[in-house]
Amino acid sequence: MRRSIATVSMSGTLRQKLEAIAAARFDAIELFENDFINFNGSATELRAMAADLGLGIDLYQPLRDFEGMPDELFRRNLERAERKFDVMQALGAPLMLVCSNTSPQSQGDAERSAAQLHELAERAARRNLRIGFEALAWGRWVKLYAQAWRLVERANHPHLGLILDSFHTLSLGDDPAGIKDIPGERIFFVQMADAPLLAMDVLQWARHHRNFPGQGQFDLENFFEKTLLSGYDGNLSLEIFNDVFRETPNRRTAVDAMRSLLYLESQVRRRLERLRDGTDQDAPSDALREMADSTLRRIELFDPPDALPLGGIAFLEFGVDDEAAVALGALFEQLGFARAGRHRSKAVTLYRQGGIKLIVNAQPGSDARARFDQQGPSVCALGLVTSDPARAANRASALLSARYDSPRGPNELRLPAIVAPGGTVVHFVPGAAGDVGGLAADFVPEASEASRTDAPAACGLQAIDHIAMGLANDQFDTWMLFCRAVLGLQPGESLELADPFGLIRSCGLANAGRSVRMVLNVSLSQRTRTARQVSATGRSGASVHHIALRCDDIFAAMTRLRANDVRFVPISGNYYDDLLARLDLDEPLVRRMQALDILYDRSTTGEYFHAYTEAFADRFFFEIVQRNDYDGYGAVNAPARMASQEQGGQR
Ligand SMILES: O=C(O)c1ccc(O)c(O)c1
Ligand SMILES: [Mg+2]
């Protein structure tokens, strides 16, 4: 299958788009007509430019408002088409996309529409070109792929075929199951687009909010599987109209685009293998198993190493300078962390409590220190536990993440590591290497620690429950795809939360075992605290915004943390009165929460107690959580937290 992308999907001039698309190793483009019309060169020049970059121009699109027109308009349409055929021949583009008519002048007479499409295909055939007909979800008469296919069948011309676009099918809630019964060779092109589920006018949704497979909520794996089962083996293409992509640096967009296709292919490959092997939930018929088998033989779908189960967040590493190292170390001790060791050769300190490991890195010349210089104190790296770190890194590389190689001192452990979008380093840590995840070797206990009389007592914090990222608007989709494709996390629901100065969009992701959780937060306003923290990251556009630490008894933990003078975000008394009004809770329990600024949420399965520390250096803060069979992140309480942070005051 040739992997391709429509030029409308990214920012830049046409030349810049093509360069980014080629750099991400696409085979071809769909040339969006406006990009050509506004190009300051001829079709021949564009053809040469694409060829130099190794890109085919596989589709010219779209020709609008064609089928079902009154005779006079039909004649004009044919003239228009002939001129576009001239352009296509000069471009070397073999296929034209005709989208279903949206004009009020079009007539719903299928015979007329089929005859007109036949004539168009006949004209195309004379030039050895082909026509693909696509149902737009808002077409006047043709909205569904089945309707488009009926017209194509009726027109009955070998140079006329069907074009599928997942957006139009899935936005209308139509079932793609019927696609597998269409002869694959009559499907001339396939466009893949995902989208968040939004209750809005379908045209606005389609023109502004599409995104790449794996970034939205459509079931594209099912759609693509059905397409492949038809026997189709043409282009796998992306056609994404998205307001944010129009301004996102196009090199990143192109890499996201390719990653989304590689991920989709690999997921569908596994689905087809399960279908072939009969290991799917519903027992497939022999015929279906046979179809899956022949599809897998016919098409080389991408086959990266499988995502490995993750076993937790092994550590977080903070980039600081000497001064911030002291301040952050002091905060960690207040939080009940013990200084567990100093790095053999670097200005790096390890803090531990329960199963949590926090590393403070102030080593001059290190990448951590460079991150501090750019952004102030921040999480520069994290470790994820997996049984096979090399394999996890190989999957990440296969899915286009860059490798990270740290400079290594004598006898130091080097963990396979990759770079997450925006520069945070993700190390893969072997689960088997003891409870320090193999890090122990790098750190030596400080002799003075053992004899310290002021060493902090633990506060009962056991594990890193989740980390929340603050993201620039154009990083959200990039991170969503990274978390799903590279790390194998699955998203929960996407929510909008009210900060006093704007809305925050928030989506949690977790692994199947729920030992690794990430929350992606993006500010839709420039004025929220999240937005200010994100802008402090400069071009990176992504940084850890808070770190949630889990305990088994939050009342005991909070009492100790308070005794250590940890400063928490104060919560309004009105919040607790509202809790009592909303939920059937014990008043003494609520008053105990109030005394400790503990927030509360309940789901059908369980309960969540949580509290927030004041921010460190206005960059990130900690959340103390207790989870009782609860799977969310207390999002209903985020507005209370954000309002309190803005109103100031402390306890
Ligand atoms: O929004 C549109 O006009 C439009 C054009 C061409 C397409 O392939 C499509 O899916 C939508
Ligand atoms: Mg389309």
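Residues numbered from 1 in each chain as written. Chains lettered and ligands numbered in written order. Predicted model: local features only at pLDDT ≥ 70, side-chain atom pairs only at ≥ 80, totals over all residues.

- The name an unreviewed UniProt entry gives the chain is 3-dehydroshikimate dehydratase, with Rhodoferax sediminis as the organism.
- According to UniProt, the comment filed for the chain under the heading Catalytic activity (unreviewed entry) is "3-dehydroshikimate = 3,4-dihydroxybenzoate + H2O".
- Per UniProt, the chain carries the Pathway (unreviewed entry) text "Aromatic compound metabolism; 3,4-dihydroxybenzoate biosynthesis." (UniProt positions renumbered as here; feature names shortened; annotations may be inferred.)

Examining the overall build of the chain
Thinking step 1. The helix and strand inventory of the chain stands at 21 helices and 25 strands.
Thinking step 2. Against the compact-globule benchmark of 26 Å for 651 residues, the chain has a radius of gyration of 28 Å, which places it among compact chains.
Thinking step 3. With the principal axes as the frame, the chain shows a C-alpha extent of 95 × 60 × 55 Å.
Thinking step 4. Taking all 651 residues of the chain together, the buried fraction comes to 50%.
Thinking step 5. Put simply, 76% of the contacts in the chain that link residues at least 6 apart link residues at least 24 apart. (Helix = DSSP H or I, 4+ residues; strand = E, 2+ residues; numbered from the N terminus. Rg over C-alpha atoms; globule rule 2.2 N^0.38 Å. Buried ≥ 20, exposed ≤ 12 C-beta atoms within 10 Å, placed from the backbone. Contact = placed C-beta atoms within 7 Å.)

Thoughts on the packing of helix α10 (residues 250-277) against helix α11 (residues 286-298)
Axes are the key here: two packed helices are described by the angle between their axes and the distance separating the axes.
Thinking step 1. Where α10 contacts α11, the two axes come as close as 8 Å, and the packing angle between them is 135°. Judged by the angle between their axes, α10 and α11 are oblique. Here α10 and α11 pass one another in a crossing that is left-handed. Along its contact with α10, which presents L272, E273, L275 and R276, the element α11 presents L288, R289, A292, D293, T295 and L296.
Thinking step 2. Split into classes, the residues belonging to the contact of α10 with α11 amount to five nonpolar, one polar and four charged. (Axes fitted to C-alpha atoms, helices over the stretch in contact; angles between N-to-C directions. Parallel < 35°, antiparallel > 145°, perpendicular 65-115°, else oblique. Left-handed = near helix turned anticlockwise from the far one by under 90°. Nonpolar A, V, L, I, M, F, W, Y, C, P; charged D, E, K, R; others polar.)

Some details on the UniProt feature "binding site: Mg(2+)" (unreviewed entry) in the chain
Thinking step 1. The sites that carry the UniProt feature "binding site: Mg(2+)" (unreviewed entry) are, in the present numbering, H466, H546 and E623. The annotated residues occupy 158 residues of the chain but converge on a single region, no pair of C-alpha atoms lying more than 9.2 Å apart.
Thinking step 2. Residues in contact with H466, not counting those within four places in the same chain, are R517, M518, V519, A548 and Y633.
Thinking step 3. By the element assignment, E623 lies in strand β25 (residues 621-628).
Thinking step 4. Residues within four places of E623 in sequence aside, it is in contact with H546, A548, H610 and Y612.

Focus on the sheet that holds strand β17 (residues 443-444)
Thinking step 1. What the nine strands build is an open sheet, ordered β14-β15-β16-β13-β9-β12-β11-β10-β17; its pairing is mixed. The open sheet terminates on both sides in strands that have one partner only, identified here as β14 (402-404) and β17.
Thinking step 2. The sheet contact formed by strand β9 (residues 310-319) and strand β12 (residues 356-361) spans four bridges and is parallel. Among the inter-strand pairings, F318 is bridged to a residue of β12, identified as V360.
Thinking step 3. Helix α12 (residues 322-334) contacts β9, β11 (348-353) and β12 of the sheet and is inclined by roughly 165° relative to β12.
Thinking step 4. Sheet strands in contact with helix α13 (residues 367-375) are β9, β12 and β13 (378-386), and its direction is about 135° off that of β13. (Pairing = 2+ DSSP bridges.)

Concerning the site of ligand 1
Thinking step 1. Surrounding ligand 1, one finds Q61, P62, L97, C99, E134, L136, D165, Q191, A206, R207 and E239.
Thinking step 2. For the shell around ligand 1, the per-class residue count stands at five nonpolar, two polar and four charged. (Near = placed C-beta within 6 Å.)

A short note on the nonpolar core
Thinking step 1. With 193 residues, the main nonpolar core has F133, L162, V360, L384, M469, L520 and I624 as its most contacted residues.
Thinking step 2. Considering each element in turn, this core owes the most residues, eleven residues, to α10.
Thinking step 3. If we ignore the near neighbours within four places in the chain, the residues touching F133 are V98, L117, A148, L151, V152, L160, L162 and I163. (Core = buried A, V, L, I, M, F, W, Y, C linked by C-beta atoms within 7 Å.)

Let's talk about the environment of L162
Thinking step 1. Residue position: L162 is located in strand β6 (residues 160-165).
Thinking step 2. Overall, the presence of 25 C-beta atoms within 10 Å leaves L162 in the buried class.
Thinking step 3. Considered as a pair, L162 and A135 are 27 residues apart in the sequence and their alpha carbons are 8.9 Å apart.

Concerning the pairing of strand β16 (residues 425-430)
Thinking step 1. Across the six residues of β16, six count as buried, placing the element largely inside the fold.
Thinking step 2. Burial of β16 is two-sided: the residues V425, H427 and V429 facing one way and the residues V426, F428 and P430 facing the other way are all buried.
Thinking step 3. As paired elements, β13 and β16 share six bridges and run parallel to each other. What sits directly across from T386, in β16, is P430.

Quick look at the sheet that holds strand β7 (residues 187-192)
Thinking step 1. If you walk around this closed barrel you meet the eight strands as β1-β2-β3-β4-β5-β6-β7-β8, and the pairing is parallel. Neighbour to neighbour, the strand axes of the sheet diverge by 30° on average, direction disregarded.
Thinking step 2. Against the sheet, helix α4 (residues 71-91) contacts β2 (28-32), β3 (56-63) and β4 (95-99), and its axis sits at roughly 165° relative to β3.

Regarding the pairing of strand β23 (residues 599-602)
Thinking step 1. With four bridges connecting them, β23 and strand β24 (residues 607-612) associate as antiparallel partners. Pairing of L599 across the sheet is with H610, part of β24.
Thinking step 2. Linking two consecutive strands that pair antiparallel, namely β23 and β24, is a turn of four residues.

Topic: the UniProt feature "domain: VOC" (unreviewed entry) in the chain
Thinking step 1. The UniProt record annotates "domain: VOC" (unreviewed entry) at residues 463-614.
Thinking step 2. Counted over residues 463-614, helix gives 32% and strand 36%. Its end C-alpha atoms are 20 Å apart.

Focus on the domain arrangement of the chain
Thinking step 1. As far as domains go, the chain holds domain 1 (3-298), domain 2 (306-457) and domain 3 (459-651).
Thinking step 2. Spacing between the C-alpha centres of domain 2 and domain 3 amounts to 23 Å.
Thinking step 3. Contact residues are listed per partner, giving 34 residues for domain 2 and 37 residues for domain 3.
Thinking step 4. If you list the elements that add at least two residues to the side of domain 2 that touches domain 3, you get β9, α12, α13, β13 and α14 (389-398).
Thinking step 5. Considering each element in turn, the side of domain 2 that touches domain 3 owes the most residues, five residues, to β9.
Thinking step 6. In the side of domain 2 that touches domain 3, the residues fall into 18 nonpolar, 15 polar and one charged. (Domains from an automatic or database assignment.)

Notes on the environment of A510
Thinking step 1. You can see A510 is positioned in strand β20 (residues 502-510).
Thinking step 2. Residue classification places A510 among the buried residues on the basis of 21 C-beta atoms within 10 Å.
Thinking step 3. Between the C-alpha atoms of A510 and L310, which are 200 residues apart in sequence, the distance is 9.9 Å.
Thinking step 4. If sequence neighbours within four positions are ignored, A510 has contacts with L489, Q490, V516 and R517.

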